[in-house]
Amino acid sequence: MTRLAPLPPAGPESERPADEPPAADRTPSGWWHARWVMPLALALGYVLNVLFRLSLVTRQDFPVVSPDESMYLVMARILAGRPTTEIPGDQVIPAGYSLLISPALRITEDPVFGFHLIMGINALISCLVLPMAYWGMRRLNVSRPVSYIAATAAVLAPPVVFYSQFAMADTPLPVLVLAWLIGLHGLFSEGTLSRRIRFALLAAFAAGYCLLTHDRGGVIIALTGLVLLVALVLKWAPRIATVCALGVLGVMFVLKQLMTSWMISQIDGAVPSQVGNAVFETLENTRLLRRTVMRMIGHLWYFMTSTWGLGALALVVCVCAVVSPRFKLANRVVAFVMLALLGGIALAAAAGLPNDHRIDTIVYARYLSLLAPVYLLVAVAALHHVRGRKRTLALGASAGIVTLGLTAALLHMSSKQWGVSWFILWGLPDATFLSSLSAGTWDGFRPLRTTAAALLVLAVVVLLRLLGGSRRPALATGAAGLVVAVFAGCATAAVTANITRPAVETRYGDGSGFIKGAGIRPGDRLVMDKDVRWELRMTTAYMVLDGRVWTRALNAKDAPPPEANVAVVTLFDKQGGLPGSWRNAPAGWRVDRFVEDGEYVIWRRG
């Protein structure tokens, strides 16, 4: 069992340098271990991954995921000093991601070019998974070649790439989680005082910025605070390092509150996000207990299959590390927070998501995606260190049993829901891709085929590791990691071609198409009737970058704001003609044009 999990990291106090792999893993030529090789390889890999991501989003000119993208973009435009506007749902969500992309909206007033710049920023941020993953693998005492291959597989994984193709907070979260876990691992590992303080600050800052970025950060910062308090009492780390980390956590929490308050003051009618309240209200409602458990199982099932069973393998390793005193303290702490975060986010998402009768609400893909890279890395590291065919088989079999058990529980509790729930392709990217390998179609949810495909990938990886035996673990694990990296790249390309690009094409009428057809000019201030397609209203809040947007019940009793100079209404009664589209049009307003795509009538003042 001792050799089942990653070994402790090699620090400067150990007999060999941290950047020098064990003698058993050295290549005969030795060139791979030159100091210049890995920095060059990481830089080259980073650039190539950025270019790959940019090639996937060349056709994206506007937000398509409503209301999420529009909420982040509205906050980004305000942080960039642009005019305020309404925010979808009137709720202010954490603005840490919006702060990262706001420089793009300072550079240009063109919303299309601004969105292109945001996609570029997303690529730059998302590809940081590569060096962070490599750093994490080296801390787990994995050889340089295997670490690089595993990091490449992590940065290409569909859960990492897919959400970076949209203006959403899921882009920086995998990087922040890796930094957080590396920081915790360094804090609880042997080393000099200054080194452990630096790791403590890294962990605290990363956890705090997760809170600034998304509500999931609340789980992360709570776990971090708990671990640091226990460490302070039990003296797991130098007290000065622990106190510094707690201080940074407190500062980041206050900063989040101040940022939210400032953002609310900038947007008329805005209120703080109500997600946390919804979670606690659901957890306190015993009548919803079965639904919450069903969803939690579904989210965990999706995570295990979207990581092709390797997530389940890492889960088994983490459980072993937590319960066995043979593991080093740093490994045990990181294993605990990985398990707690997986369960905590799955539970919070299961309770907080609305009852919208969608399949992806039951097996939600997005909220656990931030953990996909680190679970993949731990699985590869475990395969690298495990010795003996029996142990390797036991590890693979345990992962398979976990995945099959979740599948059985999901089918037992949720199978009746599939026929009466909506299938939303965007919400099920990984599962639909896996099932398409046998079905050849992307038009339905097939959990059994998804599980079978995921376990097939797991079997191939374990088989490759078995072929290496105990004599060539690095070679065998590297080969397995290479298979995972190639499969991840192909899966990402397939998901982009079948989900991302079609989503953009079908929403053209809500984005650039509407702006062009409606004749929207720089500085226009739009008031949109509530009967206008809601996706269009969400998108336009960003697309009118140098103006602003309001939503009013124009055909009921609401009057347009005095500052508005353009009104958008839907033509319901064609017999009344275009002038009859706005029954309560005030004096001074006239019909400007008709947009056939959606049958919208554009009115202008004067």
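Residues numbered from 1 in each chain as written. Predicted model: local features only at pLDDT ≥ 70, side-chain atom pairs only at ≥ 80, totals over all residues. Heavy atoms only, no water.

Draft legend 1. Structural detail: the overall build of the chain. Scanning the chain from terminus to terminus reveals 23 helices and 7 strands. Against the globule reference of 25 Å for 606 residues, the chain gives a C-alpha radius of gyration of 26 Å, in line with a compact fold. Principal-axis analysis of the C-alpha atoms gives the chain an extent of 85 × 55 × 55 Å. By sequence separation, contacts in the chain at least 24 residues apart represent 74% of the contacts at least 6 residues apart. When the accessible surface of the chain is totalled, it reaches about 24,000 Å², and 64% of it is carbon and sulfur. A distance of 13 Å separates the average location of the 55 positive side-chain charges in the chain from that of its 36 negative side-chain charges. (Helix = DSSP H or I, 4+ residues; strand = E, 2+ residues; numbered from the N terminus. Rg over C-alpha atoms; globule rule 2.2 N^0.38 Å. Contact = heavy atoms within 4.5 Å. Areas by Shrake-Rupley, 256 points an atom, 1.4 Å probe, with all protein chains shown as cover. Lys, Arg positive; Asp, Glu negative; His and termini not counted. Charge placed at Lys NZ, Arg CZ, Asp CG, Glu CD.)

Draft legend 2. Examining the sheet that holds strand β3 (residues 525–529) more closely. With respect to topology, 5 strands assemble into an open sheet ordered β4-β3-β5-β7-β6, the strand pairing being mixed. Edge positions in the open sheet fall to β4 (548–552) and β6 (589–595), since each of these has one partner strand only. Taking the axes of each pair of neighbouring strands and ignoring which way they run, one obtains an average angle of 25 degrees across the sheet. Sheet topology note: the β3/β4 ladder contains 5 bridges and is parallel. Within the sheet, the bridge partner assigned to M528 lies in β4 and is T551. (Pairing = 2+ DSSP bridges. Axes fitted to C-alpha atoms, helices over the stretch in contact; angles between N-to-C directions.)

Draft legend 3. Here's a closer look at the packing of aromatic side chains. Enumeration according to the criterion identifies 22 aromatic pairs in this entry. Summarising the aromatic geometry, the rings of F115 and Y542 are spaced 6.3 Å apart at their centres and angled 55 degrees between planes, so their arrangement reads as tilted. One end of the pair, F115, is in helix α4 (residues 111–126); the other, Y542, is in helix α23 (residues 534–543), and 427 residues separate them in sequence. Y542 sits in the buried class, given a relative accessible area of 0%. Each ring, one from F303 and one from Y375, has its centre 5.1 Å from the other, and the planes form 90 degrees; the classification is edge-to-face. Of this pair, F303 sits in helix α13 (residues 289–306) while Y375 is found in helix α17 (residues 372–385), placing the two residues 72 residues apart along the sequence. The rings of F162, Y163, F166 and W426 are connected pair by pair, giving a single aromatic cluster. (Phe/Tyr/Trp six-rings, centres within 6.5 Å; stacked < 30°, edge-to-face > 60°. Buried < 20%, exposed > 50% of the residue type's maximum accessible area, 1.4 Å probe, protein only.)

Draft legend 4. Inspection of a nonpolar patch on the surface at higher detail. A cluster of nonpolar side chains, contributed by L44, V47, L48, L51 and L54, occupies part of the molecular surface with about 440 Å² of accessible area. Here L54 shows up in helix α1 (residues 37–56). The class for L54 is partly exposed, based on a relative accessible area of 31%. (Patch = residues over 30% accessible without salt bridge, like charges linked within 9 Å, V, L, I, M, F, W, Y side chains within 5 Å. Salt bridge = Lys/Arg side-chain N within 4 Å of Asp/Glu carboxyl O.)

Draft legend 5. Just the packing of α1 against helix α6 (residues 144–156), in detail. Running from amino to carboxyl end, α1 crosses α6 at an angle of 15 degrees, the nearest separation of the two axes being 11 Å. Judged by the inter-axis angle, α1 sits roughly parallel to α6. Note that α1 runs across α6; the crossing there is right-handed. Contacts between α1 and α6 involve M38, A41, L42, G45, N49, F52 and R53 from the first element and R144, Y148, V155 and L156 from the second. (Parallel < 35°, antiparallel > 145°, perpendicular 65-115°, else oblique. Left-handed = near helix turned anticlockwise from the far one by under 90°.)

Draft legend 6. Layout of the environment of P63. Mapped onto the fold, P63 is located in the loop between α1 and α2 (68–79). Taking the C-alpha atoms as reference points, P63 and E535, separated by 472 residues in sequence, lie 9.9 Å from one another. In this view, P63 contacts E69, L73, F115, R507, T539, Y542 and M543; residues no more than four positions away in its chain are not counted.

Draft legend 7. Summary view of the packing of helix α19 (residues 429–439) against helix α21 (residues 473–506). Two elements in contact, α19 and α21, have axes separated by 10 Å at closest approach and are oriented at 105 degrees. Between α19 and α21, the crossing angle belongs to the class labelled roughly perpendicular. Contact residues: α19 offers P429, F433, L434 and L437, while α21 offers F487, A491, A494, V495 and I499. Along the lines of polarity and charge, the residues of the contact of α19 with α21 split into 9 nonpolar, no polar and no charged. (Nonpolar A, V, L, I, M, F, W, Y, C, P; charged D, E, K, R; others polar.)

Draft legend 8. Inspection of the nonpolar core at higher detail. Ranked by internal contacts, the top residues of the largest apolar core, which has 197 residues, are W180, V363, L371 and F514. Once residues within four sequence positions are removed from consideration, F514 is found in contact with Y508, G509, L526, M528, L536, T540, V568, Y600 and I602. Formed by 11 residues, the second largest nonpolar core is a distinct cluster that contains V527, A564, A567 and W603. (Core = buried A, V, L, I, M, F, W, Y, C linked by side-chain atoms within 4.5 Å.)

Draft legend 9. Examining α13 more closely. In a regular helix each residue adds 1.5 Å, so 18 residues correspond to 26 Å; α13 covers 26 Å between its end C-alpha atoms and thus fits that length. Where α13 terminates, the next one or two residues include W308, which has phi positive at roughly 55 degrees. (Expected span 1.5 Å × (residues − 1).)

Draft legend 10. Representation of the confidence of the model for the chain within the structure. Taken over all residues, the pLDDT of the chain has a mean of 92, while the share at 70 or more is 95%. Element-level mean pLDDT values for the chain span from 85 in helix α12 (residues 275–283) up to 98 in helix α8 (residues 173–187). (pLDDT = per-residue confidence, 0-100.)

Draft legend 11. Structural context of α1. Over its 20 residues, α1 runs 29 Å from end to end, which matches the ideal 28 Å to within 8%, given 1.5 Å per residue. Among all positions in α1, only V37, M38, A41, L42, G45, Y46, N49, V50, R53 and L56 are buried. Contact partners of the buried residues in α1: α4, α5 (129–139), α6, α7 (158–161) and α21.

Draft legend 12. Layout of the pairing of strand β5 (residues 566–570). With respect to burial, β5 is a largely interior element, 5 of its 5 residues being buried. Neither face of β5 is exposed, since V566, V568 and T570 on one face and A567 and V569 on the opposite face are all buried. Relative to β5, β3 runs parallel, the two being bridged by 3 bridges. When the bridges of β5 are listed, V527 appears paired with A567. Pairing of β5 with strand β7 (residues 600–605), which is carried by 5 bridges, proceeds in the antiparallel orientation. Bridge pairing in β7 links V568 to I602.

Draft legend 13. Quick look at the side chain of E86. Of note, E86 is situated in the loop between α2 and β1 (91–92). Nearest to the buried, unbridged E86 among oppositely charged side chains is R552, at 5.4 Å. For E86, the side chain forms a polar contact with the side chain of T551, separated by 2.7 Å. Apart from the residues lying within four places of it in its own chain, the contact partners of E86 are V74, A541, R548, V549, W550 and T551. (Polar contact = N/O pair within 3.5 Å; in protein donor to acceptor, adjacent residues only side chain to side chain.)

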